[in-house]
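These are the residues of each chain, in order.
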Amino acid sequence: MGRHFLQIPGPTNVPDRVLRAIAQPTIDHRGPAFARLAGEVLERLRGVFRTSGPVVCYPSSGTGAWEAALVNTLSPGDKVVAFETGHFSSLWCEMATKLGLVVDVVPGDWRHAADPAALADRLTPDVAAVMVVHNETSTGVRSPVPEIRDAIDRAGHPALLLVDTISSLGSMEYRHDDWGVDVTVGCSQKGLMLPPGLGFNAVSEKALAHRGRLPRSYWDWEPVIAANRRGFFPYTPPTNLLYGLREALIMLEEEGLDAVFARHDRHAEATRRAVRGWGLEVLCADERAYSSSLTAVVLPAGHDADAVRELILDRYDMSLGTGLGRLAGRVFRIGHLGHFNDLMLAGTLSGVEMGLAAAGVPIKEGGTRAALTYLEGMRGREGAEGSVGAEGGEGAE
């Protein structure tokens, strides 16, 4: 009985408002009503990416948007520098290699952010692009995109900057234009509070001018952008997902992006306090790189994180994220992004605490209470100051 707790780092909970919007009757995707819908959605999307340029929308997962970012800008044999910060950054590197690119991987330990200083010796004249995941979904580690752009600029290098924001878009501060990003990759099923099925590329003028020679057809930006100017697509679009996207973007605008980011910061800090209160370890080893979308929790040696997840699902009907790649069985991930509030977090952390105890993981008492105390204190500050603002969540650290 009761609702299922979907606390993986995506797909996330879809708000009822968005579900109702998706349930509208499908319309003619060549007609004037659709043109108005598409024009409105594409304009609102620019606000989330913080860009004045085009945002290309595909019926795809984020993986499709990865491929689009590569094939539209690069040529066979081009060299790219890619930061390995976790499972998904590694998969993006594998894709680049399969497409015929030469990938210079900056290795990482999956517990720290991408290091901009590592670019100093790698930005050779043959480098065409730098790839980085802003928020690594497998680890809960955020990388400093502005500092990476600064490192490229200080070297006077023309490399494009390609950034994955799949688990940070709409949840954490991100500025495509101000941070000098050339292609930003996003998708629908995380901070944008939709089901899976939409992939995005926000594209700079430099990226549009830097047309590579990798084969492309479905992923080609040019016909999409040309059709979008008239409110249409060069293929059958996912009309009902666009209805839902419009409603989700309206919800983000109603709350205000700064308030959205502060809410995610608050929930992330509360979750980390719970983890420490239990005597467990947050996977991210640098507080400057903490994610506000998810927290990866390391279990003590001898305890299987997947067994804990299975018990929690069976006993409390809550889904937690699994450990991926080299982290399999060692960590579980708590998603706290998208359509989410304090009471949902309280229920999530209570379920985790009960599950850990039931699985025989040695924990201290009071982890959930530490999180609630923090949330209560932050709410008190909001009442006294009007809003948490820039001082909320991670800003207080």
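Here, the structure is the one placed above.
On a predicted model such as this, the values are computed, not experimentally measured, just so you know.

Thresholds, definitions, all that
Residues numbered from 1 in each chain as written. Predicted model: local features only at pLDDT ≥ 70, side-chain atom pairs only at ≥ 80, totals over all residues. Heavy atoms only, no water. Buried < 20%, exposed > 50% of the residue type's maximum accessible area, 1.4 Å probe, protein only. Helix = DSSP H or I, 4+ residues; strand = E, 2+ residues; numbered from the N terminus. Pairing = 2+ DSSP bridges. Contact = heavy atoms within 4.5 Å. Axes fitted to C-alpha atoms, helices over the stretch in contact; angles between N-to-C directions.

**Student:** Just to check I follow, could you spell out the pairing of strand S9 (residues 183-187) for this structure?
**Tutor:** Successive residues of a regular strand alternate their side chains across the two faces of the sheet. In terms of burial, S9 is largely enclosed, as five of its five residues are buried. The two faces of S9 match: Val 183, Val 185 and Cys 187 on one face and Thr 184 and Gly 186 on the other face are all buried. When strand S8 (residues 160-164) meets S9, the two strands line up parallel, connected through three bridges. Paired with Leu 162 across the bridge in S9 is Val 183. Bridge count for S9 against strand S10 (residues 198-203) is five bridges, and the pairing is antiparallel. By the bridge assignment for S10, Val 185 is matched with Asn 201.

**Student:** How should I be thinking about the sheet that holds strand S13 (residues 318-322) in this particular structure?
**Tutor:** Note: strands within a sheet are paired through backbone hydrogen bonds, in either parallel or antiparallel orientation. Read across the sheet, five strands follow the order S1-S13-S14-S12-S11 without closing on themselves; strand pairing throughout is mixed. Each having just a single partner strand, strand S1 (5-7) and strand S11 (281-282) make up the two edges of the open sheet. The strands that helix H9 (residues 257-277) touches are S11, strand S12 (294-298) and strand S14 (331-335); relative to S12, the one it contacts most, it runs at about 10°. Strand contacts of helix H11 (residues 342-358): S1, S13 and S14, with the helix running at about 160° to S14, the strand carrying the most contacts.

**Student:** Looking at this model, I keep getting lost on the pairing of S13. Mind explaining?
**Tutor:** Counted residue by residue, S13 has four buried out of five residues, so it is predominantly covered. With three bridges joining them, S1 and S13 adopt parallel strand pairing. By the bridge assignment for S13, Leu 6 is matched with Ser 319. For S13 and S14, the ladder comprises two bridges, and the chain directions are antiparallel.

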